[in-house]
Amino acid sequence: MKEKRNKANGSVFELTGRPPVREVMPLAMQHVVAMIVGCVTPALIVARVAGISAADQVILVQSSLVIAALATFLQLITVGRLGSGLPVIMGVSFAYLSSMQAIAEGYDIGTIFGAQIVGGIVAFIVGVFVKQLRKFFPPIITGTVVFTIGLSLYPTAINYMAGGTGSPDYGSWKNWAIAIFTLIIVTVLNHFGKGIFKLASILIGIICGYVVALMFGMVDFSNITASGYFQMPKVMHFGINFEVSSCVAIGILFAINAVQAIGDFSATTIGSMDREPTDKELQGGIMGYGISNIVGAFLGGLPTATYSQNVGIVTTTKVINKWVLGTASGLILAAGLIPKFSAILTTIPQCVLGGATVSVFASIAMTGMKLVVSQPMNYRNTSIVGLAAALGMGISQSAGALATFPDWVTTIFAKSPVVLATIVAVLLNLILPKKDN
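Participant: Even after reading the chapter, I still don't get the overall build of the protein chain, so can you show me in this structure?
Facilitator: Tallying secondary structure elements over the protein chain gives 20 helices and 2 strands in all. On C-alpha atoms alone, the protein chain measures out to a radius of gyration of 21 Å, which is about the 22 Å that the 2.2 N^0.38 rule sets for 437 residues. Once the C-alpha set of the protein chain is aligned to its principal axes, its extents read approximately 75 × 60 × 45 Å. For the protein chain, buried positions account for 55% of its 437 residues. Accessible surface for the protein chain amounts to roughly 18500 Å². Of this, 67% is attributable to carbon and sulfur atoms.

Encoded structure:
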């Protein structure tokens, strides 16, 4: 009886045990608020690039929330060897966004999911051999990749701030005014806000920008009235297509993201438990990441990854209890099963999303830069970073640079700078002499 009573009254600072609901709910909501905008924004951007219907946009947003919840549950509770058992939140990742935009524009969303299945298999294999593969991705490489990811997303943010490429009012003063207003709110809260205001700065910024857009008559509510109150994910609703160059591009990103996840798992355990993650936790976490993305492809959920902002919450508050993280996952799942909630998210004007996410993309780039400068900035390392970023960004930004090459070469190397930057960085790290002259 005493053991049961202790379990039922566990502390939020312990991994297991069941704390009181009054403690669990606000802490869980804190995680939901921190991740939900980041989770649905890639789906909104990809949906608009692909030009799918309003109803399908709602389904894509729903699926993103559902798979984020299921992927988080797998990490928390573990199934066999799958899952880390650590207090992490999973969500749709911006790391894949530029490649997904290119695939959606050149092919369709089903091709993204085909590539995602291949990527999930790659991640699973990385998980199995994680100890042997880590040596190929030291901080100088992962930092270069993350830095390039951030840089590659800047044009997306700017185009959204202007109202979205192809929109009739692209570049109008209204779009820019609302985007800048949203950016100011987010920036002020990030630097001067405290507690929930700092934590939810992006969400609050979007709400403020949304209200202003509403006053300008820029919000269309027709999607909401047409949506139902409950809907399960639709299996293979967008189809699954396999296209070789898309699979290669996404597969490389999955390998990188799988290795990068080691950083998030390590930050979680070091920051909140004063220990390094075990090999079993790392293996299970990355293998689980691979399997959840394979399942997600069939359910219509875009690629997920560990969420660094939620890692930050865990390490700052030291709240590691699985009931807290599990409750957060339950709330995310509930949101994903309610089409009307997803439909509300699809009404956010593009200029508002651009104003809110430009700071996120800047943060991603600076996170990569921090990893880079954590290493000695000798001639060898600066050559790796400089050449990888130059070739990756340069070729992707130069229309027609690879026009005489086959289409598959363009899809892999020219549509997203991240893939080429990764390959160049890894090769240079293996080839260049370690001793700096």
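Next comes the rest of the account.
Participant: Is there a simple way to explain helix α8 (residues 173–192) in this structure?
Facilitator: What sets the pattern is the α-helix's 3.6 residues per turn: residues three or four places apart point alike. If you check α8, its first and last C-alpha atoms are 28 Å apart, about what 20 residues at 1.5 Å a residue would give, namely 28 Å. Those residues of α8 lying buried are Asn-175, Ile-178, Ala-179, Thr-182, Val-186 and Leu-189. Burial along α8 is one-sided: seen end-on, the buried residues are contained in an arc of 100°. For α8, the exposed residues lying more than 90 degrees away from the buried face are Trp-173, His-191 and Phe-192.

Participant: Could you clarify how one ought to interpret the packing of aromatic side chains in this entry?
Facilitator: Each pair of aromatic rings is reported with the distance of its centres and the angle of its planes. According to the stated counting rule, one finds 4 aromatic pairs in the structure shown. Aromatic side chains Phe-113 and Phe-238 sit 6.2 Å apart centroid to centroid with 40° between the ring planes, which places their arrangement in the tilted category. You can see Phe-113 sitting in helix α5 (residues 109–128) and its partner Phe-238 sitting in the loop between α11 (222–226) and α12 (244–273), a full 125 residues away along the chain. Taken as a pair, Phe-113 and Phe-238 share a single burial class, namely buried. Each ring, one from Trp-173 and one from Phe-216, has its centre 5.9 Å from the other, and the planes form 80°; the classification is edge-to-face. With Trp-173 in helix α8 and Phe-216 in the loop between α10 (201–215) and α11, the pair connects residues that are 43 residues apart, well separated along the chain. A relative accessible area of 34% means that Phe-216 is categorised as partly exposed.

Participant: For this particular structure, what's the right way to read a nonpolar patch on the surface?
Facilitator: Taken together, the side chains of Ile-121, Ile-125, Val-128 and Phe-129 define a hydrophobic patch exposed on the protein surface, amounting to about 320 Å² of accessible area. Locating Ile-125 in the fold gives a position in helix α5. By relative accessible area, Ile-125 is classed as partly exposed at 42%.

Participant: Explain the packing of α12 against helix α13 (residues 279–299) here, please?
Facilitator: In a pair of packed helices, the angle between the axes and the distance between the axes together describe the arrangement. Put simply, α12 and α13 touch, their axes get as near as 10 Å, and they point 135° apart. Viewed along their axes, α12 and α13 adopt a mutual orientation that is oblique. Here α12 runs over α13; the crossing is right-handed. Across from Phe-254, Asn-257, Ala-258, Ile-262, Phe-265 and Thr-269 in α12, the residues of α13 making contact are Glu-281, Leu-282, Gly-285, Ile-286, Tyr-289 and Asn-293. For the contact of α12 with α13, a count of residues per class yields 7 nonpolar, 4 polar and 1 charged.

What counts as what
Residues numbered from 1 in each chain as written. Predicted model: local features only at pLDDT ≥ 70, side-chain atom pairs only at ≥ 80, totals over all residues. Heavy atoms only, no water. Helix = DSSP H or I, 4+ residues; strand = E, 2+ residues; numbered from the N terminus. Rg over C-alpha atoms; globule rule 2.2 N^0.38 Å. Buried < 20%, exposed > 50% of the residue type's maximum accessible area, 1.4 Å probe, protein only. Areas by Shrake-Rupley, 256 points an atom, 1.4 Å probe, with all protein chains shown as cover. Expected span 1.5 Å × (residues − 1). Arc of directions from axis to C-beta. Phe/Tyr/Trp six-rings, centres within 6.5 Å; stacked < 30°, edge-to-face > 60°. Patch = residues over 30% accessible without salt bridge, like charges linked within 9 Å, V, L, I, M, F, W, Y side chains within 5 Å. Salt bridge = Lys/Arg side-chain N within 4 Å of Asp/Glu carboxyl O. Axes fitted to C-alpha atoms, helices over the stretch in contact; angles between N-to-C directions. Parallel < 35°, antiparallel > 145°, perpendicular 65-115°, else oblique. Left-handed = near helix turned anticlockwise from the far one by under 90°. Contact = heavy atoms within 4.5 Å. Nonpolar A, V, L, I, M, F, W, Y, C, P; charged D, E, K, R; others polar.

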